[in-house]
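Single-letter residue listing:
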Amino acid sequence: MAGGVHRCPLGGGVAYGRGVHPIEHLRYVARAHGVDPAALVEETAHALGSLHFDPSGLVVACRRIVERHPFTGPLWWLCANVTTSSEPFEAVWELSEQIRSDRTASELANELPDESTVVTIGDPSLIGHGLARRGDVRVLALDVDHSATSFVRRLERYDVDYEPVDAGAAGAATRVADVVLVEALAMDGSQIVVPSGSSTIAAAASAWGTPVWLVAGVGRRLPEAYIDAMAARRDEIADGIDDWSVDVEILPTRLVTDVVGPHGRMPMGPPAAQSECPVAAELLNRPAM
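Conventions and cut-offs
Residues numbered from 1 in each chain as written. Predicted model: local features only at pLDDT ≥ 70, side-chain atom pairs only at ≥ 80, totals over all residues. Heavy atoms only, no water. Helix = DSSP H or I, 4+ residues; strand = E, 2+ residues; numbered from the N terminus. Buried < 20%, exposed > 50% of the residue type's maximum accessible area, 1.4 Å probe, protein only. Contact = heavy atoms within 4.5 Å. Pairing = 2+ DSSP bridges. Axes fitted to C-alpha atoms, helices over the stretch in contact; angles between N-to-C directions. Parallel < 35°, antiparallel > 145°, perpendicular 65-115°, else oblique. Left-handed = near helix turned anticlockwise from the far one by under 90°. Nonpolar A, V, L, I, M, F, W, Y, C, P; charged D, E, K, R; others polar. Phe/Tyr/Trp six-rings, centres within 6.5 Å; stacked < 30°, edge-to-face > 60°. Lys NZ or Arg CZ within 6 Å of the ring centre and 35° of its normal.

Participant: Even after reading the chapter, I still don't get the overall build of the protein, so can you show me in this structure?
Facilitator: Check the secondary structure of the protein and you find eleven helices and twelve strands. Looking at the protein residue by residue over its 289 residues, the buried ones come to 52%. Taking the intrachain contacts of the protein between residues at least 6 apart in sequence as the baseline, contacts between residues at least 24 apart amount to 70%.

Participant: Help me out: how do you make sense of the sheet that holds strand β9 (residues 212-215) in this one?
Facilitator: Strands in a sheet are paired, the pairing made by backbone hydrogen bonds, and the direction either parallel or antiparallel. The sheet built from seven strands is open, its strands ordered β5-β4-β3-β6-β9-β11-β12 with mixed pairing. Unpaired on one side and paired on the other, β5 (161-166) and β12 (264-267) mark the two borders of the sheet. Shown here is a sheet whose adjacent strand axes are inclined to one another by a mean of 25°, direction ignored. As paired strands, strand β6 (residues 179-183) and β9 are joined by four bridges and run parallel to one another. The partner of E183 across the bridge, within β9, is V215. Contacts between helix α8 (residues 149-157) and the sheet are confined to β3 (117-121), β4 (138-143) and β5, with β4 contributing the most and set at about 160° to the helix. Across the sheet, helix α10 (residues 198-208) lies against β3, β4, β6 and β9, angled at about 150° from β6, the strand it touches most.

Participant: Please explain helix α6 (residues 104-111) as it appears in this structure.
Facilitator: Since the α-helix turns once every 3.6 residues, residues separated by three or four places project in the same direction. Burial analysis of α6 places six of its eight residues in the buried class, which makes it a mostly covered element. Buried residues along α6 sit against α7 (125-131), β6, β9, β11 (258-261) and β12.

Participant: Mind showing me how you'd approach the side chain of T117 here?
Facilitator: By secondary structure assignment, the location of T117 is in strand β3. With a relative accessible area of 13%, T117 lands in the buried category.

Participant: So what exactly am I meant to see when it comes to the packing of helix α2 (residues 37-49) against helix α4 (residues 73-83) here?
Facilitator: The description of two packed helices rests on the angle between their axes and on the distance between the axes. Where α2 contacts α4, the two axes come as close as 9 Å, and the packing angle between them is 30°. As summarised for this structure, α2 and α4 are arranged roughly parallel, according to the angle between their axes. The way α2 lies across α4 gives a crossing that is right-handed. Listed contacts from α4 to P37, L40, V41, T44, A45 and L48 of α2 are P74, L75, W77 and L78. Each residue belonging to the contact of α2 with α4 can be placed in one class, and the counts come to nine nonpolar, one polar and no charged.

Participant: Would you explain the packing of aromatic side chains in this entry?
Facilitator: The description of an aromatic ring pair uses the distance of the two centres, along with the angle that the planes make with each other. For the structure on display, the rule yields one aromatic pair. Judged by centre distance (4.9 Å) and plane angle (45°), the ring pair of W76 and Y226 falls under tilted. Taken as a pair, W76 in helix α4 and Y226 in helix α11 (residues 224-240) lie far apart in primary sequence, 150 residues in all. Across the ring face of W208, the terminal group of R175 is positioned such that the distance to the ring centre comes to 5.6 Å.

So, in structure tokens, the structure goes:
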């Protein structure tokens, strides 16, 4: 894993390894957008693992990665665990394997009631993988600015029954659904970083008494300090544009009934939100501009 040539999962068919400098590899990862978090973690792990020649640059590289991807919880998880490890260049490969073997999608597929109707919004990655494992589920796929296009195409490929629904009909969709599914980008015990629009379906479901399941894969449960940093960063971005134009929002955990993760489903509460990494203060120290 640590040597040789590596085929980049971020697209473009680019092979990374002995022929590319690790710093250039990290720059490539930092520029990637709209990529599955698991693929980002794997690619970042390969880039960080190649920094063994310059251990002193590891913390700086990790800080820059989370600065460029401030709302990708698994990257914070990876960087926090690596920078606080006594053997960081061994830990990085172990963490990459944990992401690769994440069972959250399988657990979601196992937990869904037979022949259930579920509501989603946008293009949730883990939820999509879980639904692809079920042939008896009907998906009401809410769309915001065509964000669900790739999601419904994926459902089509796996012959999953779905119906595109305008986000304006969130109330009606959540009323008839058995379960509403929301995907976490990151979470702690009180706040969840989610794609924009998630609060709409969660609040509507709460009004109708429809269960809201938060799908939180490996690396999404973080210390409060990191979630606070994400919320602050979101506020900074919103200062320059309309608040509703930001790609992410903060959802209170009180709107969630259950959490589905790599170990199955449990009620929303402290055990379901227990952090998967320590606080690495270095990741919170943003350089002066």
